[in-house]
Amino acid sequence: MKIKVSEEVKQALKNGNAVVALESTIISHGMPYPKNVETALLVEKTVRENGAVPATIAIIKGIPTIGCSRDEIEHLGKAGLSVTKTSRRDIPVVVSKGLDGATTVAATMIFAAMAGVKIFATGGIGGVHRGAETTFDISADLEELARTDVNVICAGAKSILDLGLTLEYLETKGVEVIGYGTDELPAFFTRKSGFKVNDRMDTPLEIAKAIKCKDDMNLGGGTLIVNPIPEQYSMDADYIESVIEKAIGEANEKGIKGKEITPFLLDKIQRITGGQSLESNIKLVLNNAALASKIAVELANL
Ligand code: PSU
Ligand code: MN
């Protein structure tokens, strides 16, 4: 299959330099225009400032693209929901029809792995949804972490998910969850969730060493590194919980399910909080991009 790797990313990989993969569902389906485009460009800038090369990943006119151009990012952001949300299962149809695809964590991991990019920064991952015991709604992101060798830096998961079940699922699948400077799984908008991570590490070098070890032993699969939102941008836990409950209530009333539910909830939360959650969301993504870049630089030097 044809994939397109940008010249800059190709060069960096050839020279063994640090590269950080970035997803595109967050651009087309996770934030409103024009904040989504501004954020995506700011994330790329942050990666560069921390010594790595950014590789925003999407499917552009049927071609998996590793290292989208500024124009392509602008297009993904402006076209928004009309760009197909593309997880693992969607890839063959989006590619064969020559469509544009905004890649989820799962699909971004697949293309990062094809290109040889090991480190990937995002905001939050998908997981086991609340009520999954009846809906069976478990994000394909978790399965991908189990099988594809890409290490994902995120701010934990929103409590639109069942965080306890998400951790149990990852444990079953053999996915290591490392807390950066924390023993607790962060809950995206807040630094705490009440759930313990498997291991805590306090430096990017320690994390890079663990990743290298996994590679050297060919264990396969990814690692999840969870990085709490900086204190000054974190939200009030009770407030955001009530907002999330309201959003889930509305989704249930409207009968929204399947691939629509996550974008629906993200949009609702942003609307109810009057954009306050969007600002927190942006800050935590930048924070993750910086950490991912530092890990990628350490990994390149090992
Ligand atoms: N959670 C967020 N922001 C996001 C997503 C999840 O806080 O943008 C996106 C990511 O692209 C993730 C996808 O991979 O939603 C998960 O979708 P689903 O739950 O349908 O697997
Ligand atoms: Mn789902």
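Calculation criteria
- Residues numbered from 1 in each chain as written.
- Chains lettered and ligands numbered in written order.
- Predicted model: local features only at pLDDT ≥ 70, side-chain atom pairs only at ≥ 80, totals over all residues.
- Heavy atoms only, no water.
- Buried < 20%, exposed > 50% of the residue type's maximum accessible area, 1.4 Å probe, protein only.
- Helix = DSSP H or I, 4+ residues; strand = E, 2+ residues; numbered from the N terminus.
- Pairing = 2+ DSSP bridges.
- Near = heavy atom within 4 Å.
- Polar contact = N/O pair within 3.5 Å; in protein donor to acceptor, adjacent residues only side chain to side chain.
- Areas by Shrake-Rupley, 256 points an atom, 1.4 Å probe, with all protein chains shown as cover.
- Nonpolar A, V, L, I, M, F, W, Y, C, P; charged D, E, K, R; others polar.
- Salt bridge = Lys/Arg side-chain N within 4 Å of Asp/Glu carboxyl O.
- Axes fitted to C-alpha atoms, helices over the stretch in contact; angles between N-to-C directions.
- Parallel < 35°, antiparallel > 145°, perpendicular 65-115°, else oblique.
- Left-handed = near helix turned anticlockwise from the far one by under 90°.
- Contact = heavy atoms within 4.5 Å.

### With respect to the pairing of strand E11 (residues 223-226)
A two-sided burial pattern is seen for E11, the buried positions comprising Thr223 and Ile225 on one face and Leu224 and Val226 on the other. Examined bridge by bridge, strand E8 (residues 151-154) and E11 share 4 bridges and lie parallel to one another. Considered in E11, the bridge of valine 152 is made with leucine 224. As judged from the 4 bridges shared by strand E9 (residues 176-180) and E11, these two strands associate in the parallel manner. Across the sheet, isoleucine 178 pairs through a bridge with isoleucine 225, a residue of E11.

### What to know about the site of ligand 1
The local shell around ligand 1 holds 14 residues, among which Glu23, Lys85, Ser139, Asp141 and Lys158 are the closest. One nitrogen or oxygen atom from the side chain of lysine 85 is found 2.6 Å from an oxygen atom belonging to ligand 1. Side-chain polar atom of lysine 158 to an oxygen atom of ligand 1: 2.3 Å apart, as the coordinates give it. The fraction of the free accessible surface of ligand 1 (470 Å²) that becomes covered by protein chains is 92%. For the shell around ligand 1, the secondary structure elements donating two or more residues are helix H2 (25-28) and helix H12 (261-272). A breakdown of the residues in the shell around ligand 1 according to their chemical character gives 4 nonpolar, 6 polar and 4 charged.

### Points about the pattern of salt bridges
If you walk through the whole model with that rule in mind, you get 21 salt bridges. Between glutamate 143 and lysine 173 there is a salt bridge, with its nearest N and O atoms 2.7 Å apart. Taken as a pair, glutamate 143 in helix H8 (residues 140-147) and lysine 173 in the loop between helix H9 (163-172) and E9 lie far apart in primary sequence, 30 residues in all. Residue class for lysine 173 comes out partly exposed when judged on its relative accessible area of 33%. A salt bridge links arginine 200 to aspartate 183; the shortest N-O distance between them is 3.4 Å. Separated by 17 residues along the polypeptide, arginine 200 in strand E10 (residues 199-201) and aspartate 183 in the loop between E9 and E10 bring together distant segments of the chain. Judged by its relative accessible area of 39%, aspartate 183 falls in the partly exposed class.

### Side note on the pairing of E9
Pairing between E9 and E10: 3 bridges, direction parallel. Bridged to tyrosine 180 within E10 is methionine 201.

### Some details on the packing of helix H10 (residues 204-216) against helix H13 (residues 276-301)
Interhelical geometry of H10 versus H13 gives an angle of 60° and a closest axis separation of 8 Å. The orientation of H10 with respect to H13, classified from their angle, is oblique. In this structure, H10 meets H13 at a crossing whose hand is right-handed. Contacts between H10 and H13 involve Pro204, Leu205, Ile207, Ala208, Ile211 and Lys212 from the former and Leu291, Lys294, Ile295, Glu298 and Leu299 from the latter. Class assignment for the residues of the contact of H10 with H13 results in 8 nonpolar, no polar and 3 charged.

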